[in-house]
Amino acid sequence: MARWCAGNGWPVHPLAAGRKTPAGNCPACRKDHHRPADCPCLPAGKWCHGFHAATTDPELLAAWWGVNPALGVGVSCGPAGLVVLDVDAHSAEVPHRDRLLPGIPIHASVNLAGLASGFDTLALLAALRGRPSPADDASTLRVRTPSGGLHVWYRTDPDGPSYRSSVGSSPKVALAWQVDVRAVGGYIVTPATRTPAGTYTPVGAARFPAPLPDWLAAELRRTGHTPRPTPVQVPAPRPTPVQVPAPRPRPVRAARGERRATRLLEPLLAEVEACGAAAEGTAFTEKLNRAAYTAGGLVAGGHLTESQAQDLLTAAADRARPHRSRHSLTVIASALSAGAARPFHPEGRP
């Protein structure tokens, strides 16, 4: 599969054997957090830093998968010119109708009975635009995931705009609830990749991505999926200080506000940590995004410091997904920033 993808001009990188996440970094990269652009491993032909290592070089493909045939295959969507809709079918609480399709108010007369997954929200978006759902698009490559979701692959115009990845529950950049977008800054698992939960299996006869439909391209632009002038900055791990200054006394009111904020976050963090009981299919990203968005509002409201919020979120994410720290940091940074735009007060004051 790696050779087939590379032959189509899609840069590939290894996934950990039996998993849908990138193969682990070398010991040096695990210990020393640094930017992929500064990593000496990539020029040396190592697969550190996930999709940043993606390549079409046949010698590297032979070196990686020839020695480790059990490795899965991921495609770096941005360099491959791909936009993939990742439609989820996770069991999760359905949000208010105003959050199902960001930027599109859904009138109370629209019957939403039975809506339960990304298949439903994607179909709803398509119906509002007078189009068939991409989940039913037999002209393009569609891949059923082991958790019951669907990947819908499209190719972009090489001379047209590029698009960035997003998570379907993000309050700022999202296409629809439980519909993620894999594009610049993301990767997609290839067909035939196996995990303990099952195999990624093509649906229908199409084996290549069709051009991205114009109406979907317009929706991606409308929902902010064109790349920002500057990328989201992932916070680097903070070094342990040599000397810790004595804390200054805080007002009793501030301390109480912090306790209320922490109690509010506790059930959300518990949902994140509970994802550690299963390797996938637990809506981990969505739950982490919700917790971080709430924390961002609490930080903006003055009830937590940004450092406190990051520590709580990072600890919960690392306990649930210890091998996905970079992904977790990206989700946390983006959702904290989004939540900060809407200050939140646990005691109910504006």
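The coordinates are above.
To keep things clear, this report deals only with the structure shown in the data block. All values derive from a computational prediction rather than experimental measurement.

### Focus on the overall build of the chain
Right, on to step 1. The number of helices and strands found in the chain is ten helices and eleven strands.
Right, on to step 2. Taken across its 350 residues, the chain has 45% of its residues classed as buried.
Right, on to step 3. Residue pairs in contact within the chain that sit at least 24 positions apart in sequence constitute 72% of those at least 6 positions apart.
Right, on to step 4. When the accessible surface of the chain is split by element, carbon and sulfur atoms take 55% of a total near 17,600 Å².

### Remarks on the packing of helix H8 (residues 284–300) against helix H9 (residues 306–320)
Right, on to step 1. Where H8 meets H9, the closest approach of the two axes is 10 Å, and the angle between their N-to-C directions is 165°. The angle between the axes of H8 and H9 places the two elements in the roughly antiparallel class. In this structure, the crossing between H8 and H9 has a hand that is right-handed. Of the residues in H9, those touching H8 at Phe284, Leu288, Ala291, Ala292, Ala295 and Val299 are Glu306, Ala309, Leu313, Ala317 and Ala320.
Right, on to step 2. In terms of residue class, the contact of H8 with H9 is made up of ten nonpolar, no polar and one charged.

### Looking at the environment of Leu268
Right, on to step 1. Relative to the helices and strands, Leu268 resides in helix H7 (residues 252–274).
Right, on to step 2. Classification of Leu268 by relative accessible area gives buried; the value is 17%.
Right, on to step 3. Among all residues touching Leu268, those that are not within four sequence positions of it are Arg290, Ala291 and Thr294.

### Some thoughts on the packing of H8 against helix H10 (residues 325–339)
Right, on to step 1. The contact between H8 and H10 brings their axes to 7 Å, and the two run at 40°. Accordingly, the angle class assigned to the pair H8 and H10 is oblique. Where H8 crosses over H10, the handedness of that crossing is right-handed. Residue-level inspection shows Phe284, Thr285, Leu288, Asn289, Ala292, Tyr293, Ala295, Gly296 and Gly297 of H8 in contact with H10, the latter providing His327, Ser328, Val331, Ile332, Ala335, Leu336, Ala338 and Gly339.

So, how was this worked out
- Residues numbered from 1 in each chain as written.
- Predicted model: local features only at pLDDT ≥ 70, side-chain atom pairs only at ≥ 80, totals over all residues.
- Heavy atoms only, no water.
- Helix = DSSP H or I, 4+ residues; strand = E, 2+ residues; numbered from the N terminus.
- Buried < 20%, exposed > 50% of the residue type's maximum accessible area, 1.4 Å probe, protein only.
- Contact = heavy atoms within 4.5 Å.
- Areas by Shrake-Rupley, 256 points an atom, 1.4 Å probe, with all protein chains shown as cover.
- Axes fitted to C-alpha atoms, helices over the stretch in contact; angles between N-to-C directions.
- Parallel < 35°, antiparallel > 145°, perpendicular 65-115°, else oblique.
- Left-handed = near helix turned anticlockwise from the far one by under 90°.
- Nonpolar A, V, L, I, M, F, W, Y, C, P; charged D, E, K, R; others polar.

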